[in-house]
There are 2 protein chains.
Amino acid sequence: MTLPSAAPSQQSGGVARVRPRDPRNQPTLALVGATGAVGSVMCELLSARMNVWGQIRLIASSRSVGRTVVCRGEPTVVVSLTPEVFDGVDVAMFDVPDEVSEHWAPVAVGRGAIVIDNSGAFRMDHDVPMVVPEINPEAARNRPKGIVANADCTTMAMIMAVAPLHREYGLRELVVASYQAVSGAGQGGVDTLRRQLDKVGDDAALGSRTGNVRRAVGDDLGPFPAPVALNVVPWSGTVADGGWSSDELRLRDETRKILGLPDLKVSATCVRVPVVTGHSVAVHAVFASEVDAAEAQDILRQAPGVVLVDDPAAGEFPMPIDAVGTDPTWVGRIRRAVDDPRALAFFVTGDNLRKGAALNTAQIGELLATELAAR
Amino acid sequence: MTLPSAAPSQQSGGVARVRPRDPRNQPTLALVGATGAVGSVMCELLSARMNVWGQIRLIASSRSVGRTVVCRGEPTVVVSLTPEVFDGVDVAMFDVPDEVSEHWAPVAVGRGAIVIDNSGAFRMDHDVPMVVPEINPEAARNRPKGIVANADCTTMAMIMAVAPLHREYGLRELVVASYQAVSGAGQGGVDTLRRQLDKVGDDAALGSRTGNVRRAVGDDLGPFPAPVALNVVPWSGTVADGGWSSDELRLRDETRKILGLPDLKVSATCVRVPVVTGHSVAVHAVFASEVDAAEAQDILRQAPGVVLVDDPAAGEFPMPIDAVGTDPTWVGRIRRAVDDPRALAFFVTGDNLRKGAALNTAQIGELLATELAAR
Ligand SMILES: NC(=O)c1ccc[n+]([C@@H]2O[C@H](COP(=O)([O-])OP(=O)(O)OC[C@H]3O[C@@H](n4cnc5c(N)ncnc54)[C@H](OP(=O)(O)O)[C@@H]3O)[C@@H](O)[C@H]2O)c1
Ligand SMILES: NC(=O)c1ccc[n+]([C@@H]2O[C@H](COP(=O)([O-])OP(=O)(O)OC[C@H]3O[C@@H](n4cnc5c(N)ncnc54)[C@H](OP(=O)(O)O)[C@@H]3O)[C@@H](O)[C@H]2O)c1
């Protein structure tokens, strides 16, 4: 197996190819939240996709205004979030907290921009399509509110593998458990794990069985409800009905929306693990028809945006330390349930900041750029 | 919630109480593998259970012979594994690799000892009962080979929560994903994670998104197929049929055997995580009859050897950093499937070295000691 490296969208299959155009005529892009975990990766990706956008405006909070960020090789000064900043903007990508998107996305639309939003603010809005270009690119054209939503990063990793199998076998039910990286909670999550690891590393007793991680970490929990170093935390999101977390229900709702399966059964457990970047999901998928593991491997080998890594004897299975920094979703451990010929088990890992956020946004942006150019 | 601390077996419910007896008349115990991860915890536990055993012989490989280990407060010299060491032994606990148990357990039986084996060597042998004292204590009395097996530590964590629910609702199917600690692979696993964390901690770039864990760790993988620091490894055990790992099939087979449900559907994904001690399992359990989450909480609150930690709003759910060093199995995140009134989802964490190994062995030992005393 050769390790797939970050690939331009042309190789990510199923995504509209952007025709080279007169640079003076290229659309103007606004990037809101350019200094965050997702926004920083977006700046990296835009640098490898230089033929798409004309002017790019980098926007963040007042904390960052005046900072210089390198984008497409050019030092660019971060400007503040005002209504006027969207004047003349064709596409605005929002990589900011829910409440900032909720308020500012309609403002950007009012100034004439099409918004691609990475937050959770609009995902379940019936008038906002949720688009994964490899799966439902057509949905991006119908956007009554002028907003297109990106799925959550855990949903994204899972659905890239589930959708091609659904097309073949007809999905009926999903039981999934996640292994979510700390960068899924933003830059603050990464900084927290780093600080906690330094603290538990200093505590010699923690090498042993009985060392007390809570004592070493104290109340330095960052965005998490418990220490994440040397631990797994079976909670992410807010408290929802019936003991479910908002992230668990979101995974269900988003999967149903993207696949157009409103009655799909989904039971998810969302768990945070001490990994920097790369969300993994253990999937048990039940289909309408009988499945075959070798055939499922073939389907996934050919699926756009997916790389098959499935040779346990050779130590090959999807893992965050390999998937980080790459474009595709890594899928492996594909096996048919011993007790159910209609069920497949598999393991998926995707870079939550790339395909789980910035890359998918860039791909949607390119769909829109193509649409704009054709006008 | 008060954090449950290591409790003597009398509090672990469902376990036979050992009557105080004439100390000269107490059974002789051999502890084979006294220097390992499980054996060390066994020495600790025996120190808190002083009224059970007469003489205790500590045994390990030639590497450890002559070392002094403190057991029940007394420095005890480790002796070597020979046939003669079992002469006069009533009960022999084996905490050694499979192949050592396979050879030496029958030798111990031949010398008159009853063997309790923690390895995988005899678990699926029809003539060897697999006993969890809270669940099937009666099975320990029927041991045609003179050997009683302990379940695998992942099975153990899960089954402590599943068995009481099965009794109420009738178990039909399990879909589970594990979060297994490195000490499940013995002391070598713990040492490996510690070394790897030191290495990635030294590499400043690893605080960032793109840091290369493989580069920092090199080929210092210890007992694992890939780096485990800052990673999750979706593989444990050996390659079995159909893409399954031996650990995944074992979880199925052991669950069927302990519950006496030979046709139970079980689909498991076993994953190693960078946690020192404490195996967790995300469980989706389907039952014959409808379930109720509040009722399930009550059942688990009353179940022997189980502690219910289920208040997400207050940050209470089962986690390895809390469960480590305690006797009970921690269960929480109990919720009824939104789409299936017969399915419950929950999360379980147990100390793999205690209830997952040494504690259960000690409990079986006490069942046998009671039986011997009644002769
Ligand atoms: N991380 C992931 O894996 C992931 C995946 C999918 C979706 N998302 C979603 O993407 C969004 C961004 O996540 P992130 O992980 O990048 O978070 P982050 O690292 O915390 O970054 C937040 C960004 O938003 C900016 N911001 C915050 N408040 C603002 C305000 N009032 N006005 C203007 N800018 C403001 C911040 O600017 P300053 O630097 O100036 O504070 C920063 O650029 C969130 O909605 C998140 O749920 C994240
Ligand atoms: N770790 C867990 O969570 C867990 C849970 C359930 C079951 N188990 C099972 O329990 C057993 C022990 O596991 P562990 O984690 O404690 O392993 P470990 O830390 O590697 O310890 C192995 C022990 O076996 C001894 N040993 C090895 N080869 C021997 C030989 N030829 N003769 C005599 N003694 C020998 C070692 O002695 P030296 O120190 O002298 O080498 C050491 O005491 C394994 O079968 C394992 O699968 C482990």
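Position labels on residues start from 1 in each chain and follow its written sequence. Numbering of ligands from 1 and lettering of chains from A proceed in the order in which they are written. Only residues with pLDDT of at least 70 are given local features in this predicted model, and only at 80 or more are side-chain atom pairs given and counted; all residues enter the totals for whole chains, interfaces and linings. To obtain the side-chain values, all non-hydrogen atoms of the structure were used and water was disregarded.

### Some thoughts on the interface of chain A and chain B
Move 1: Contact criterion: two residues are considered in contact whenever any of their non-hydrogen atoms come within 4.5 Å of each other. Every contact between the two is made by 76 residues of chain A and, on the other side, 76 residues of chain B.
Move 2: Summing the contributions of chain A and of chain B, the shared interface buries around 5,800 Å²; its carbon and sulfur component is 61%.
Move 3: Any Lys or Arg side-chain nitrogen located within 4 Å of an Asp or Glu carboxyl oxygen qualifies as a salt bridge. Put simply, chain A and chain B have twelve salt bridges between them.
Move 4: The residue arginine 256 of chain A makes a salt bridge to aspartate 339 of chain B at a minimum N-O spacing of 3.0 Å.
Move 5: Whenever two N or O atoms come within 3.5 Å, that pair is a polar contact, provided that in protein one can donate a hydrogen and the other can accept it, and provided that, for residues adjacent in sequence, both atoms are side-chain atoms. In this structure, the connection of chain A to chain B is made through 28 residue pairs in polar contact (both at pLDDT 80 or more).
Move 6: Only DSSP runs of H or I with at least four residues qualify as helices, and only runs of E with at least two residues qualify as strands; both kinds are numbered from the N terminus onward. Per-element accounting of the side of chain A that touches chain B gives the leading share, six residues, to helix H4 (residues 187-202) of chain A.
Move 7: Under the scheme applied here, ten amino acids are nonpolar (Ala, Val, Leu, Ile, Met, Phe, Trp, Tyr, Cys and Pro), four are charged (Asp, Glu, Lys and Arg), and all others, including Gly, are polar. Classifying every residue of the side of chain A that touches chain B by side-chain character gives 45 nonpolar, 14 polar and 17 charged. We define buried area as the total accessible area lost by two parts upon association, computed with a 1.4 Å probe and summed across both.

### Topic: the pairing of strand E4 (residues 74-77) of chain B
All names here are of chain B.
Move 1: Any two strands with at least two DSSP-identified bridges between them are counted as paired. Pairing of strand E3 (residues 68-71) with E4 involves four bridges; the strand directions are antiparallel. Looking at the pairing, valine 69 lines up with threonine 76 of E4.
Move 2: Turn length for the E3-E4 hairpin, with the two strands adjacent in sequence and antiparallel, is two residues, and the turn residue arginine 72 shows positive phi of about 55 degrees.

### Details of the relation of the copies chain A and chain B
Move 1: Here the copies are superposed with least squares, the fitted atoms being C-alpha atoms of residues at a pLDDT of at least 70 in both. Between the two copies, chain A and chain B, the superposition gives an RMSD of 0.0 Å; the rotation angle is 180 degrees and the shift along the axis is 0.0 Å. These values place the two chain copies in the arrangement generated by a two-fold rotation axis.
Move 2: Looking at the interface residues of chain A, 100% of them are also at the interface in chain B, so both copies use one shared face.

### Considering the sheet that holds strand E5 (residues 79-80) of chain A
Residue and element names in this part refer to chain A.
Move 1: Pairing within the open sheet is parallel, and its six strands lie in the order E5-E2-E1-E6-E7-E8. Each edge of the open sheet is held by one strand with a lone partner, namely E5 and strand E8 (147-149).
Move 2: Direction of pairing for strand E7 (residues 114-117) relative to E8: parallel, over a ladder of three bridges. If you follow isoleucine 116 over to E8, its bridge partner there is valine 148.
Move 3: Lying on the sheet, helix H2 (residues 98-110) is in contact with strand E6 (91-94), E7 and E8; it crosses E6 at an angle near 175 degrees.
Move 4: Contacting E6, E7 and E8, helix H9 (residues 354-374) runs over the sheet at an angle of about 165 degrees to E7. Axis definition: a line fitted to C-alpha atoms, limited for helices to the stretch in contact. Angles are taken between N-to-C directions and run from 0 to 180 degrees.

### Some words on the site of ligand 1
Residue and element names in this part refer to chain A.
Move 1: In the vicinity of ligand 1 lie 28 residues, with Thr35, Val38, Ser61, Ser64 and Val96 positioned nearest.
Move 2: Measuring from an oxygen atom of ligand 1, one finds a backbone N or O atom of glycine 36 at 2.9 Å.
Move 3: A distance of 2.9 Å separates a nitrogen atom of ligand 1 from a polar atom in the backbone of serine 183.
Move 4: For ligand 1, whose accessible area on its own is 900 Å², the fraction buried by protein is 80%.
Move 5: Among the elements of the structure, helix H1 (37-47), H2 and H9 are those that each provide at least two residues to the shell around ligand 1.
Move 6: Residues belonging to the shell around ligand 1 are distributed by class as follows: eleven nonpolar, 13 polar and four charged.
Move 7: When residues of the shell around ligand 1 are sorted by domain, at least three fall in each of domain 1 (4-151 + 357-373) and domain 2 (155-187 + 219-352). A single heavy atom is enough: if one lies within 4 Å of a molecule or strand, its residue is considered near that molecule or strand. In this description, accessible areas are obtained by the Shrake-Rupley approach with a 1.4 Å probe, and a residue is regarded as covered only by the protein chains that are shown. The source of the domain bounds is an automatic or database domain assignment.

### Examining the confidence of the model for chain A
Residues and elements named next belong to chain A.
Move 1: pLDDT: the predictor's confidence for each residue, scored from 0 to 100. Per-residue confidence for chain A gives a mean pLDDT of 91; residues scoring 70 or more make up 91%.
Move 2: Contacts of residues 1-21 to residues separated by more than four positions or lying in other chains number 50 contacts, the stretch itself having pLDDT below 50.
Move 3: Interface predicted TM-score (ipTM) for the complex: 0.92; the corresponding pTM is 0.93.

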